[in-house]
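This is what each chain is made of:
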Amino acid sequence: MRIIRYAESEMSQLAAVKEDSKIYPLPYQDFQELLKTCEEQQKNCLTLINEVLDGIDPIQKSIDELDLKLPINAQEVWASGVTYLRSKDARNYESQGSEPTVSYYDKVYVAERPELFLKSTDKRTIGPNEPLYLRSDSTWQIPEPELGLVIDGAGNIVGYTIGNDMSCRDIEGENPLYLPQAKMWKHSCSIGPAILLAETVEDPYAFDINCRILRNGEKVFEDAACTSQLKRRYEELVEFLKRDNELFPSTILLTGTCIVPPNDFTLNDGDVVEIEISGIGLLRNPVAAQ
Ligand code: DO4
Ligand code: MG
């Protein structure tokens, strides 16, 4: 079962999408209220929603006909780094060319402590179809398609979503201390189009991730990967995030990229980024200069 939010007469409506693709409006203002109700009633989301929807009819529209919005307004979006071999190799290239020295990226890939960083805040995060902005001071920008964990205030993984951790390879490559500027700016993170409830996922290490970039309607990049290639366990990432920290009632933790476009590729104004994850959906965003 997936949770979405769509525009409905100037407001937004939270809804559940069942396995048969039928869509049912939910009586909660947002995902946080759904989670709070689950906590109060000590039920998991699936059980609560099935009880609430008993006897309710689906809406007469398919998901493609809806104006989908950001499914959750998480106060914070965190991200993990160098959790896939592909990401480590790309970072080594951008920071030192092909020099075979042992880098901080090599070290963090095998270290017990993962790389975690604050990626975005509520106001900077966008949903499906909203424009991703390019930085004006970077000439090497790429999308990073990532599986996102939706976690509650206690650190339980309650769902999975799609995230785009837009990155400036030249800024990070110049100096890793520039990471916050290479990662966080207005509209540099998109999330959506749905949250797949954790209770309905058999194997979270079997998500197929596909990324396409379109330019003037033509596909200029496509690649695919699978979360089975992840170096770490999700619980391990969450454990480090919550250690001596305070988590908001719902937080998103991106799990790192496993797809990187070729080294001579940079995003252009007018491109369209599509990220698809099996069972979750397709997150599509146009790219725009600010
Ligand atoms: O080390 C910098 C960031 C890495 C990252 O964002 C990723 O691996 O996805
Ligand atoms: Mg990333």
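Note that the structure is predicted; figures quoted are calculated from it, not measured. (Residues numbered from 1 in each chain as written. Chains lettered and ligands numbered in written order. Predicted model: local features only at pLDDT ≥ 70, side-chain atom pairs only at ≥ 80, totals over all residues. Heavy atoms only, no water.)

1. Points about the sheet that holds strand S7 (residues 132-134)
- The mixed open sheet is built from five strands, whose spatial order is S7-S17-S16-S13-S14. Each edge of the sheet is formed by a strand with only one pairing partner; in this case those strands are S7 and strand S14 (218-226). Going from strand to strand, the sheet's axes swing by 20 degrees on average, the running direction of each strand aside.
- In terms of strand pairing, S7 meets strand S17 (residues 281-289) through three bridges, oriented parallel. (Pairing = 2+ DSSP bridges. Helix = DSSP H or I, 4+ residues; strand = E, 2+ residues; numbered from the N terminus. Axes fitted to C-alpha atoms, helices over the stretch in contact; angles between N-to-C directions.)

2. What about the UniProt feature "domain: Fumarylacetoacetase-like C-terminal" (unreviewed entry) in the protein?
- The feature "domain: Fumarylacetoacetase-like C-terminal" (unreviewed entry), as given by UniProt, occupies residues 113-287 in the numbering adopted here.
- Across residues 113-287, helical content stands at 11% and strand content at 44%; the span's end C-alpha atoms are separated by 34 Å. (UniProt positions renumbered as here; feature names shortened; annotations may be inferred.)

3. Quick notes on the side chain of Arg5
- Within the fold, Arg5 resides in strand S1 (residues 2-8).
- Comment: no salt bridge for buried Arg5; closest opposite-charge side chain is Asp30, at 5.5 Å.
- Within the local environment of Arg5, its side chain forms a polar contact with the backbone oxygen of Leu70, the two atoms lying 2.9 Å apart.
- The contact partners of Arg5, leaving out residues within four places of it in the chain, are Ser12, Gln13, Leu14, Asp30, Asp67, Leu68, Lys69, Leu70, Pro71 and Asn73. (Buried < 20%, exposed > 50% of the residue type's maximum accessible area, 1.4 Å probe, protein only. Lys, Arg positive; Asp, Glu negative; His and termini not counted. Salt bridge = Lys/Arg side-chain N within 4 Å of Asp/Glu carboxyl O. Polar contact = N/O pair within 3.5 Å; in protein donor to acceptor, adjacent residues only side chain to side chain. Contact = heavy atoms within 4.5 Å.)

4. Remarks on the site of ligand 1
- Not every one of the 16 residues close to ligand 1 is listed here, only the nearest: Val82, Ser87, Glu115, Lys183 and Thr257.
- A distance of 2.8 Å separates an oxygen atom of ligand 1 from a polar atom in the backbone of Val82.
- Separating an oxygen atom of ligand 1 from a backbone N or O atom of Thr257 is a distance of 2.8 Å.
- Only strand S4 (76-81), helix H3 (85-96), strand S5 (115-121) and helix H6 (179-183) provide two or more residues apiece to the shell around ligand 1.
- When the residues that make up the shell around ligand 1 are grouped by side-chain class, the tally is four nonpolar, five polar and seven charged. (Near = heavy atom within 4 Å. Nonpolar A, V, L, I, M, F, W, Y, C, P; charged D, E, K, R; others polar.)

5. Points about the side chain of Glu144
- Relative to the helices and strands, Glu144 resides in the loop between strand S8 (141-142) and strand S9 (145-152).
- Overall, the relative accessible area of 2% leaves Glu144 in the buried class.
- For Glu144, the side chain forms a polar contact with the side chain of Ser167, separated by 3.2 Å.
- In this structure, Glu144 is in contact with Arg91, Gly163, Asn164, Asp165, Met166, Ser167, Lys183 and Thr257, ignoring residues within four places of it in sequence.

6. Some remarks on the coordination of the magnesium ion (ligand 2)
- Protein-derived coordination of the magnesium ion (ligand 2) comes from Glu144 (OE), Glu146 (OE) and Asp165 (OD), at a distance range of 2.0 to 2.1 Å.
- Of note, the magnesium ion (ligand 2) draws all its donor residues from one chain, in the sequence arrangement E-x1-E-x18-D. Of this pair, Glu144 sits in the loop between S8 and S9 while Asp165 sits in strand S10 (residues 157-165), and the two are 21 residues apart along the sequence. Comparing Glu144 with Asp165, the two get one shared label, buried. (Donors = N, O, S within 2.8 Å, 3.2 Å for Na, K, Ca; no water.)

7. Some words on unusual backbone geometry
- Here the amide bond leading from Gly192 into Pro193 is cis, since omega sits at -5 degrees, within 30 degrees of zero.
- On the secondary structure map, Pro193 appears in strand S12 (residues 189-197).
- At Ser9, a position not held by glycine, the phi torsion is positive, near 35 degrees.
- By secondary structure assignment, the location of Ser9 is in the loop between S1 and strand S2 (11-17).
- When its relative accessible area of 63% is taken as the criterion, Ser9 is described as exposed.
- In the Ramachandran plot, Glu10 falls in the positive-phi region, its phi being about 65 degrees despite a non-glycine side chain.
- Mapped onto the fold, Glu10 is located in the loop between S1 and S2.

8. Things to note about the domain arrangement of the protein
- Split by domain assignment, the protein resolves into domain 1 (2-65) and domain 2 (76-289).
- One C-alpha centre belongs to domain 1, the other to domain 2; they are set 27 Å apart.
- In this assembly, domain 1 packs against domain 2 so that about 1100 Å² is buried in total across both faces, 69% of it on carbon and sulfur atoms.
- At the junction of domain 1 with domain 2, the criterion picks out zero salt bridges.
- Elements that contribute at least two residues to the side of domain 1 that touches domain 2 include exactly S1, helix H1 (31-41) and helix H2 (45-52).
- When residues of the side of domain 1 that touches domain 2 are assigned to their parent elements, the largest contribution, four residues, is made by H1.
- When the residues that make up the side of domain 1 that touches domain 2 are grouped by side-chain class, the tally is seven nonpolar, two polar and three charged. (Domains from an automatic or database assignment. Buried area = accessible area lost by both parts, 1.4 Å probe.)

9. Let's talk about the packing of aromatic side chains
- For the structure on display, the rule yields five aromatic pairs.
- With 4.3 Å between their ring centres and 10 degrees between their planes, Tyr205 and Tyr234 make a pair best called stacked. Here Tyr234 lies in helix H7 (residues 234-242) and Tyr205 lies in the loop between S12 and strand S13 (208-215), a separation of 29 residues in the sequence.
- Residue classification places Tyr234 among the buried residues on the basis of a relative accessible area of 0%.
- Taken together through their ring pairs, the aromatic side chains of Tyr160, Tyr205, Phe207 and Tyr234 make up a single cluster.
- Across from the ring centre of Trp185, 5.6 Å away, lies the NZ or CZ of Lys119, which sits over that ring.
- Looking at Arg233, its charged tip hangs above the ring of Tyr205, at a distance of 3.8 Å from the centre. (Phe/Tyr/Trp six-rings, centres within 6.5 Å; stacked < 30°, edge-to-face > 60°. Lys NZ or Arg CZ within 6 Å of the ring centre and 35° of its normal.)

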